[in-house]
Amino acid sequence: MGSSSSKMPTMEERWPAYEAKMKAEGLNEAAIAAFKYNLGVLLSGASTMIPESDIGPVDSLPELDGLDITPDPSLLKDTVILKLNGGLGTGMGLDRAKSLLTVADGNTFLDLIAQQVDCMKKEYETPDLRFMLMNSFSTSKDTLEALAKYTQLGTGSDLEFVQNKAPKVSAQDCTPATHEADKGHEWCPPGHGDLYPAMLGSGTLEKLLEKGVKYMFVSNSDNLGATMDLKLLTYFAQSKAPFMMEVATRTDADKKGGHLAKDAKTSGLLLRESAQCPEEDEKAFQDVTKYKYFNTNNLWVDLVALKSIFEKNGGSIPLPVMKNAKTVDPRDKASQPVLQLETAMGAAISCFEGATAIVIPRERFAPVKTTNDLFALRSDAYTLTKDFRITLASERNGVPPDVKLDGMYKFTDAMEKLIPNGPPSLIGCKKIVVEGEMTFAKGVVVKGTVTFKNSGASKEVPAGEYEDKTVEL
């Protein structure tokens, strides 16, 4: 914004250009209202930070494992299972939906999800159990093609709605960012907090409510642990809470990620992401003994309560806004500096009065973010259950193997070349480290902590058992 004395432009000055741009692009009223709210927060000059002084820790929460509750399958007919599927697997070298990656026994994430839903329909005799995806412009086509063979899932607008896009904001003067060479660069995804306006604007919210659907279970499509749990659904319905977040206990590995906290003023629950933490509070933010819980992004939402929030707020939901500084062409660091205004769906916990959280076991949080995760998932350290869930093998006692692949295997196509015969046996493995170029023969068994090293041209790791050692090829 230039020097601190320069005045922030007003909404009256800036909004008309954004409104015209979004209308010309054919965006719906809810998408425009959501962005208008976010831009208003930016131009108000209000801080988007959540300092230590505004919050306190959450001391204790109910735990799923400790609930004494009789599951009620009749609630399934009033429920929709929603998967967020807008993400491309760019971090793993993919230019299509990450959920199209093969995970286990030739099944992709989407195959497993479709078959999980099918199993539930049969097991609980609920043929009309509803399932939906929030896709993005870049994942919609591939995803619908991949799911076409599961005719019982539904099609078209019964199966998906597409998340919105938002204009990038020039960091210099808050006008709409421009990029003549590629107009696509002028737009960005508004973060998964867009779930709510996208449901409203696409007509999905209204349609579900008309069909008598009251409860929504939403999770990320790359989190294979996030399956519909009847005990949780029953607990949520009986609690009459408008919103419930599944949280897990933070460990040192989670200290950089967001955490649950209490609003010092209202005592309500809120979420603080690292982008909202002032630098001087970094230490408290990372203190996992103080802030004990993190958001798994498995959320339960009462759709009637969601609709009434929109009605109260003139068609938008007042989610906390995060400013993400980028360049208009993300690959060209010399291009125009921009701000991307984003929201997170879990942050809605502070918008619903009476929102709650519940502590879940770690196995309900098993996201695949890297090829290390994928390598482990494809091994015998995990098993595929009859109802198409992936769980750690019982021999693992709840602890996954620690996989550290060489940086050259960051992308999935390179990882596939490492294991042409499938991954080694990791059921007895504590940690496996791969350094250098190699391939695993069929029949390699890894036990304890083993490092495989190769400094020259690619070599094969021969079949056999390797236990607590460093193997120089």
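Small disclaimer: the values here were computed from a predicted structure and weren't measured.

## Section: the overall build of the chain
Working step 1: Along its length, the chain carries 12 helices and 25 strands.
Working step 2: Relative to the globule expectation of 23 Å for 473 residues, the C-alpha radius of gyration of the chain, 23 Å, shows essentially globular dimensions.
Working step 3: Each principal axis of the C-alpha atoms in the chain carries an extent, and together these give about 70 × 55 × 45 Å.
Working step 4: Going through the 473 residues of the chain one by one, you find that 51% of them count as buried.
Working step 5: Intrachain contacts of the chain at a sequence separation of at least 6 include 69% that bridge at least 24 residues.
Working step 6: Entry remark: accessible area of the chain is about 21400 Å², with carbon and sulfur atoms responsible for 51%.

## A look at empty space enclosed by the protein
Working step 1: For the structure on display, the rule yields one cavity of 30 Å³ or more.
Working step 2: In this structure, the largest cavity encloses a volume near 160 Å³.
Working step 3: Together, 17 residues line the largest cavity, and Ala 34, Phe 35, Asn 38, Pro 197 and Thr 343 are the ones closest to its centre.
Working step 4: The leading source of residues in the lining of the largest cavity is helix α2 (residues 29–43), at five residues.
Working step 5: Tallied by class, the residues present in the lining of the largest cavity amount to 10 nonpolar, five polar and two charged.

## Notes on the layout of surface pockets
Working step 1: When its volume is computed, the second largest pocket comes out at roughly 470 Å³.
Working step 2: Surrounding the second largest pocket, 26 residues form its lining, Asp 263, Leu 270, Pro 318, Pro 320 and Ser 350 being those nearest its centre.
Working step 3: Of all the secondary structure elements, the ones that give two or more residues to the lining of the second largest pocket are α2 and β13 (269–272).
Working step 4: Counting residues per element, the lining of the second largest pocket draws most heavily on β13, at three residues.
Working step 5: Tallied by class, the residues present in the lining of the second largest pocket amount to 17 nonpolar, seven polar and two charged.

## Some details on the sheet that holds strand β21 (residues 425–435)
Working step 1: Across the sheet, four strands lie side by side as β20-β21-β23-β25; this open sheet has parallel pairing. Strands with a single pairing partner mark the edges of an open sheet, and in this sheet they are β20 (402–405) and β25 (464–472). Taken over all neighbouring pairs, the strand axes of this sheet differ in orientation by 15 degrees on average, direction set aside.
Working step 2: The pairing of strand β23 (residues 444–453) with β25 spans eight bridges and is classified as parallel. Its bridge partner being in β25, Val 445 is matched across the sheet by Glu 465.

## Focus on the environment of Leu 260
Working step 1: Along the chain, the position of Leu 260 falls in strand β12 (residues 259–263).
Working step 2: Taking the C-alpha atoms as reference, Leu 260 lies 9.9 Å from Ile 55; in sequence the two are 205 residues apart.
Working step 3: Those residues in contact with Leu 260 that lie beyond four places of it in its chain are Val 58, Leu 61, Met 245, Val 247, Leu 269, Leu 270, Leu 271, Tyr 291, Tyr 293, Ile 349 and Ala 357.

## Some points on the pairing of β21
Working step 1: The sheet contact formed by β20 and β21 spans four bridges and is parallel. Counterpart to Lys 404 in the pairing with β21 is Val 433.
Working step 2: Once the chain exits β20 it traverses helix α12 (residues 412–418) before rejoining the sheet at β21, and the crossover so formed is left-handed.
Working step 3: As judged from the eight bridges shared by β21 and β23, these two strands associate in the parallel manner. Paired with Cys 429 across the bridge in β23 is Gly 448.

Cut-offs used in this document
Residues numbered from 1 in each chain as written. Predicted model: local features only at pLDDT ≥ 70, side-chain atom pairs only at ≥ 80, totals over all residues. Heavy atoms only, no water. Helix = DSSP H or I, 4+ residues; strand = E, 2+ residues; numbered from the N terminus. Rg over C-alpha atoms; globule rule 2.2 N^0.38 Å. Buried < 20%, exposed > 50% of the residue type's maximum accessible area, 1.4 Å probe, protein only. Contact = heavy atoms within 4.5 Å. Areas by Shrake-Rupley, 256 points an atom, 1.4 Å probe, with all protein chains shown as cover. 1 Å grid on protein atoms, 1.4 Å probe; cavity = no way out; pocket = protein on both sides within 12 Å on 5 of 7 lines; lining within 4 Å. Points joined across faces, edges and corners; volume = space filled by probe spheres on them. Nonpolar A, V, L, I, M, F, W, Y, C, P; charged D, E, K, R; others polar. Pairing = 2+ DSSP bridges. Axes fitted to C-alpha atoms, helices over the stretch in contact; angles between N-to-C directions. Right-handed = clockwise from strand over helix to strand, strands pointing away.

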